[in-house]
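# Remarks on the overall topology
In case you want the letters, here they are:
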Amino acid sequence: MALTITFRGTYSWWCYDKYCKMESTCPPKTVDVPLKGEWKCFSLPGHHPYALDFAGLLADKSQVCRGGLLRYAVSSVPVSDWHGWSRPIVSPCDGVVRRVGDFWPDRTHVNFFRELFSAYLQSFRFRPDLGDPNIDLRPNIGNFVMIQSGSGFVALLAHLRAGSVKVQLGQRVRAGQVLGELGCSGNSTAPHLHFNLFDQVDDLFKTQIVPFRFHRFERWNKTHWEVFENTLPRNGDRIRVL
């Protein structure tokens, strides 16, 4: 399932593959899962291993949208039919809002092949000025919040719903505080949350991915929920955060 697509050699974030592929050598940071409830985790081709996507699930259900992924492949599905749509996104840590972007429009309907083609085109169209310190990232990452932690990293939460961001630049936030709602803005092929950590965002073209792990979550093992601490979910895992 493709949610946020990155293509080698193109600008499908801000030169994502060329720059953000570089990984910080610092030990993994421990943060909270920035969601509550049940979700499916995706670590997709083209993404850094420490860049995760989450699509919402209904309790005790395995499908991320009404009608399942076959409907997503053969028809145009309203974003409101995705189970994660407009669900709260929360801060994974205490910190200060370092960057924020809102009011980039969401897709209203999604079809896998149409959105995949659109994402491919957008990855070539996004050619930011390397010397511009105020690059508008929303065409690719959609509406977003970046939280600067006192522990030496910046958390990125991307593709939020237009108009849902509840924090302002420079505002102090606490872990678990609602930042906005899950959306389908920017270069996104379906409603989901993209999450990763950076070492800094003063120079976006020299930023590095910071390894991380989650404090605690539960994973469905086909018969019951199992608690995991200080680790990450795997691609395709169904997880729960209470």
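A brief report on the enclosed structure follows. Throughout, residues of each chain are indexed from 1 in the direction in which the sequence is written. Totals for whole chains, interfaces and linings use all residues, but because this is a predicted model, local features are given only for residues with pLDDT of at least 70 and pairs of side-chain atoms are given and counted only at 80 or more. Excluding hydrogens and water, the side-chain values take into account all heavy atoms of the structure.

Before going further, it helps to examine the nonpolar core. With 32 residues, the main nonpolar core has F54, I147, F195 and F214 as its most contacted residues. Residues are treated as being in contact if the distance between any of their heavy atoms lies within 4.5 Å. Apart from the residues lying within four places of it in its own chain, the contact partners of F54 are L35, W39, K40, C41, L182, H192, L193, F195, F214, P233 and I239. Counting residues in hydrophobic clusters, the runner-up holds 14 residues, among them L44, L57, Y72 and W85. To qualify as a nonpolar core, a set must consist of buried Ala, Val, Leu, Ile, Met, Phe, Trp, Tyr and Cys residues joined through side-chain atoms within 4.5 Å. Whether a residue is buried, partly exposed or exposed follows from its accessible area with a 1.4 Å probe, protein chains only, as a fraction of its type maximum: under 20%, in between, or over 50%, in that order.

The next thing to look at is the environment of N196. Residue position: N196 is located in strand 12 (residues 193-198). Given the relative accessible area of 0%, N196 is considered buried. Sequence spacing of N196 and L157 is 39 residues, and the spatial spacing of their C-alpha atoms is 7.2 Å. A distance of 2.8 Å separates polar atoms of two side chains, one belonging to N196 and the other to H194. Under the scheme used here, helices are H or I runs from DSSP no shorter than 4 residues and strands are E runs no shorter than 2 residues, and both carry numbers assigned from the N terminus. As used in this structure description, the phrase polar contact means that two N or O atoms lie within 3.5 Å; if the pair is within protein, one of them must be able to donate a hydrogen and the other to accept it, and residues adjacent in sequence are counted only when both atoms belong to side chains.

Looking at the secondary structure, you find W82 in the loop between strand 4 (77-78) and strand 5 (88-90). Sequence-wise, W82 and V64 are 18 residues apart; in three dimensions their C-alpha atoms are separated by 6.0 Å.

Let us look at the packing of aromatic side chains. Two aromatic rings, drawn from Phe, Tyr or Trp (for Trp, its six-membered ring), form a pair once their centres lie within 6.5 Å of each other, and the interplanar angle then sorts them: stacked below 30 degrees, edge-to-face above 60, tilted otherwise. Scanning all chains against the criterion turns up 11 aromatic pairs. Centre to centre, the rings of Y72 and W82 are 4.9 Å apart; their planes meet at 90°, and the pair counts as edge-to-face. Taken together, the positions of Y72 in helix 2 (residues 68-74) and W82 in the loop between strand 4 and strand 5 put the pair 10 residues apart, joining distant regions of the chain. Taken individually, Y72 and W82 each receive the classification buried, so the pair is uniform in this respect. Centre to centre, the rings of Y72 and F112 are 5.8 Å apart; their planes meet at 75°, and the pair counts as edge-to-face. Taken together, the residues Y72 in helix 2 and F112 in helix 3 (residues 112-125) connect sequence positions 40 residues apart.

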